[in-house]
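In case you want the letters, here they are:
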Amino acid sequence: ALLQNYPNPFNPSTTMRYDLPEQSHVALKIYDLLGREVGILVDEVEGAGSKSVQFDASRLASGVYFYRLSAAAFVQTKKLILVR
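Everything numeric in this text was worked out from a predicted model, so none of it was measured.

Enquirer: Would you mind showing me how to read the sheet that holds strand 3 (residues 37-46) here?
Expert: One open sheet accounts for four strands, arranged 3-2-5-6; its pairing is antiparallel. Looking along the sheet, the strands with just one partner apiece sit at the ends: strand 3 and strand 6 (74-82). On average, adjacent strands in this sheet sit at an angle of 15° to one another, irrespective of strand direction. As paired strands, strand 5 (residues 63-71) and strand 6 are joined by nine bridges and run antiparallel to one another. Residue pairing in the sheet places Leu69 in a bridge with Gln76 of strand 6.

Enquirer: Sorry if this is basic, but what is going on with the side chain of Thr14 here?
Expert: With respect to the secondary-structure elements, Thr14 resides in strand 1 (residues 13-20). Within the structure, the side chain of Thr14 is placed 3.1 Å from the side chain of Asn5, a separation counted as a polar contact. When near neighbours in sequence (up to four residues on either side) are disregarded, Thr14 contacts Asn5, Tyr6, Pro7, Val53, Gln54, Phe55 and Leu80.

About the thresholds
Residues numbered from 1 in each chain as written. Predicted model: local features only at pLDDT ≥ 70, side-chain atom pairs only at ≥ 80, totals over all residues. Heavy atoms only, no water. Pairing = 2+ DSSP bridges. Helix = DSSP H or I, 4+ residues; strand = E, 2+ residues; numbered from the N terminus. Axes fitted to C-alpha atoms, helices over the stretch in contact; angles between N-to-C directions. Polar contact = N/O pair within 3.5 Å; in protein donor to acceptor, adjacent residues only side chain to side chain. Contact = heavy atoms within 4.5 Å.

Printed below as a string of structure tokens:
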């Protein structure tokens, strides 16, 4: 499960949380509105359980971004808003 980031909107950092039912390779990436990858937060094998990761967007411009979690056969995308 991928949970909504908090806070949202944010400036300049936010927390993303997700739950893994079993060990799997996890990729959590940030994309801009044009689909360009602007950050990789996680790209490794992780064990089961609740996880959280901080995202520092201090180098990015204000706007709408998306974060996408891929783990085994699960893929989910959510929106986040950076406000300066």
